[in-house]
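Working through the structure, step by step
The residues making up each chain are set out below.
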Amino acid sequence: MIPEDVINRIRERADIVDIVGAHLSLTKAGQNFKGLCPFHQEKTPSFTVSPSRQTFHCFGCGEGGNVFSFLMKIDGSTFPAVVRALGEKVGVPVEDRPVSPAVRQRMELRERLLALTKVAAERFHLNLLADAEAEPARNYLASRGMTPDTIERFDIGYSQSGWDGTLTALTKAGFSAEDIAAAGLAIPREQAAGFYDRFRGRVMFPIRDLQKQVIGFGGRMLDDGTPKYLNSPETPLFSKGRILYALDAARDAITRLGYVIVVEGYFDAIALHQAGCANAVATLGTALTPEHLELIRRFTQRVVLLFDPDSAGVRAALRTMDLFLGSGFSVQVGSVPAGDDPDTFIRSQGPDAFAALIKSAPSLLEFTVQASLTAGRAGTVEDRVRCVEDVLTLLQKLSNPVEQSAAIRHVADQLGMDEKALLARYKALPRKSVKASTPQPSAGVFENQPLPKDEEVLLQLLVHEVLTPEMWTEVRAEDFTDTRAKRLVSLVCVADAPHTRQQALAQAGEDELCGSITRALSMTELPYDNINAAFQQSLKALKLRRIAVELQEIKAAEALATKAGRDEEARTLLVRLNVLQQERQKLSKINPSSYNEAGRIHA
Ligand SMILES: [Zn+2]
């Protein structure tokens, strides 16, 4: 590992404007420099370099970081290599320093497993091409329309049906049985010593990370054996809730086209790539997770979900509703006609029909409403009533009142009901007002995934380092609702001196979760003439909102405790309730009218 102080010396000596300027042409714009982004296609420059902060940020694709991340990205090389090369250029020699034994052990295990999975993938692929036993597998892939070129590109393979074909081959190649098991390719025998192959008689799909290294496998059964699909277990390399199949092959197309298609199986993803839709990825037999969304967010905020049209597919789409609500993603649901799956549809109808299907795909909300209505219309009167309730509860989650009333009109139309009667029923529903109390987000610098206005103002002041020590003590991560904002505040607020704070800010600028907003905010100009007013007003809004949410939770808990006769608990809750109400009252007394519009001069 390269010592931190050497890295810092190199960073201080190199000028990011020079380094970036060697790769693209930059022109001065205010305090910053602008140019056409080398990481996505654009006609007007949104790639910004800040000489004062020595960072870059693209407002188009969100790419950004410091001089090292720029060079890594543009040269496709590793951090140590980039530091070494740049060190040579600016005259700071780089020497290695030993790492701790535990870290070294983990790094070495990872290296060994990656070498092992690479050899395993090559072997599976050779099996498929050459082994007589793989004949049915080859026929099967041909029957699913996989061309030799696609089989090559996705490195599809075959695992032999014996108990230890993979084990023997990998042992011969010099790997230990323990490592083969640690990589998820072998299982310890229960009754005796030794191991046996996990994947037997299956078509094998290597699963790669974003660096295109094989980290796991998916295997499909050829006959009626179960399970039909089998994935690698959780290993030091592989965690299926964080992996999207084919993302390594799809990332450039996703950035270029501005959206990602998410399907449920390897075959669907591969068929889409083969047909020219290179922005398709697949989940590995799990529902989408929050970790998946964070992964996708690095490339786009537009998602098209493609599910099978059967009821399981519809249920899968509905389950993602809560995951996506308030996430800032724009989500559409495409469905192929009954009897088809994405794979068969694109092969029989062609890419143009598929593109039309994507283009006309309803939003996730429209789709969900439609699915409930279809179920309701088919059923009894009671079913219809329940369906109306379901749909209305769903509509409550829409924060925009215009969207809400349009949706209610649509539902009334669809059910042949009177709009006024439906509206009356809607108003009578118990309200989950936590969502409703969330303020309208500001468009600001985050067009795709805006921050609540008050949170944006506070973070902007924080990133520009204009807060006084007293102000600093008042900013707390738990008051924020946006996860990126929480992360940024928690990173920066542990620092208590100006210079450690600058380090923390630099770290936040490279953070996976909050890096993009940190960089974007630091490159805006501060529009406030009265910083104290802007700070106080936003902080007040933020705290009031947090208190409102907490009050509601405590009231509900208190009612429950009283009802169940847990008097002691109810009393404690009432005390807390009182404290919060006082806090709210105190906050309300701070008179916002003494500030003009958050102190903005040009909003
Ligand atoms: Zn860009």
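Residues numbered from 1 in each chain as written. Predicted model: local features only at pLDDT ≥ 70, side-chain atom pairs only at ≥ 80, totals over all residues.

1. Points about the overall build of the protein chain
- When helices and strands are counted, the protein chain shows 26 helices and 15 strands.
- For the protein chain, whose C-alpha radius of gyration is 28 Å, the value lies close to the compact-globule estimate of 25 Å for 603 residues.
- Taken over the C-alpha atoms alone, the protein chain extends approximately 85 × 80 × 60 Å along its principal axes.
- A total of 603 residues make up the protein chain; the buried ones form 33% of that total.
- By sequence separation, contacts in the protein chain at least 24 residues apart represent 61% of the contacts at least 6 residues apart. (Helix = DSSP H or I, 4+ residues; strand = E, 2+ residues; numbered from the N terminus. Rg over C-alpha atoms; globule rule 2.2 N^0.38 Å. Buried ≥ 20, exposed ≤ 12 C-beta atoms within 10 Å, placed from the backbone. Contact = placed C-beta atoms within 7 Å.)

2. Overview of the pairing of strand β10 (residues 214–221)
- Most of β10 is tucked away: seven of the eight residues are buried.
- As paired elements, strand β9 (residues 202–208) and β10 share seven bridges and run antiparallel to each other. Along β10, the bridge assignment pairs R202 with M221.
- Connecting β9 to the next strand, β10, in antiparallel fashion are five residues, including K212 with a positive phi near 65°.
- Pairing analysis gives three bridges linking β10 to strand β11 (residues 229–231), with the strands arranged antiparallel. (Pairing = 2+ DSSP bridges.)

3. Some remarks on the sheet that holds strand β14 (residues 302–307)
- Pairing is parallel across the open sheet formed by four strands, whose spatial order is β13-β12-β14-β15. The open sheet is flanked by β13 (280–282) and β15 (330–335), the only strands paired with a single partner. Averaged over all neighbouring strand pairs, the angle between strand axes comes to 30°, with direction disregarded. (Axes fitted to C-alpha atoms, helices over the stretch in contact; angles between N-to-C directions.)

4. Digging into the pairing of strand β3 (residues 47–50)
- With three bridges connecting them, strand β2 (residues 32–35) and β3 associate as antiparallel partners. Counterpart to K34 in the pairing with β3 is T48.
- Relative to strand β4 (residues 55–58), β3 runs antiparallel, the two being bridged by four bridges. Paired with S50 across the bridge in β4 is T55.

5. Things to note about the nonpolar core
- Y245, A269 and V281 are the most contacted members of the largest nonpolar core, which totals 74 residues.
- Two domains each provide a minimum of three residues to this core, namely domain 2 (101–238) and domain 3 (242–361).
- Beyond its immediate sequence surroundings of up to four residues, A269 is in contact with Y245, A246, V263, A280, V281 and A282.
- One finds F33, F47, L462 and F480 within the second-largest nonpolar core, a separate group that totals 45 residues. (Core = buried A, V, L, I, M, F, W, Y, C linked by C-beta atoms within 7 Å. Domains from an automatic or database assignment.)

6. Remarks on the environment of A424
- Summarising the element assignment, A424 is placed in helix α18 (residues 419–428).
- Taking the C-alpha atoms as reference, A424 lies 35 Å from G565; in sequence the two are 141 residues apart.

7. Focus on the packing of helix α11 (residues 266–274) against helix α14 (residues 342–359)
- In contact at an axis separation of 8 Å, α11 and α14 are set at 25° when each is read in the N-to-C sense. Accordingly, the angle class assigned to the pair α11 and α14 is roughly parallel. Judged by the twist between their axes, the crossing of α11 over α14 is left-handed. On the side of α11, the interface is formed by F267, D268, A271 and L272, while α14 contributes P342, D343, I346 and R347.
- Partitioned by chemical class, the residues of the contact of α11 with α14 number five nonpolar, no polar and three charged. (Parallel < 35°, antiparallel > 145°, perpendicular 65-115°, else oblique. Left-handed = near helix turned anticlockwise from the far one by under 90°. Nonpolar A, V, L, I, M, F, W, Y, C, P; charged D, E, K, R; others polar.)

8. What to know about helix α12 (residues 290–297)
- H292, I296 and R297 are the residues of α12 that are buried. One side of α12 carries all its buried residues, which in axial view fall inside an arc of 135°.
- On its buried side, α12 packs onto β12 (260–263) and β14. (Arc of directions from axis to C-beta.)

9. A word on the sheet that holds β9
- The sheet built from four strands is open, its strands ordered β6-β9-β10-β11 with antiparallel pairing. In this open sheet, the two strands that pair with only one neighbour each are β6 (157–159) and β11. Sheet twist, expressed as the average angle between the axes of neighbouring strands with direction ignored, equals 35°.

10. A closer look at the confidence of the model for the protein chain
- For the protein chain, the average pLDDT comes to 83, and 90% of its residues sit at 70 or higher.
- The least confident element of the protein chain is helix α19 (residues 433–436), whose mean pLDDT is 39; the most confident is β6, at 97.
- Segment residues 433–443: pLDDT under 50, and 24 contacts once partners within four positions in sequence are set aside and those in other chains are kept.
- Under a pLDDT of 50 for its full length, residues 592–603 has, in the predicted model, 23 contacts with residues more than four places off or in other chains. (pLDDT = per-residue confidence, 0-100.)

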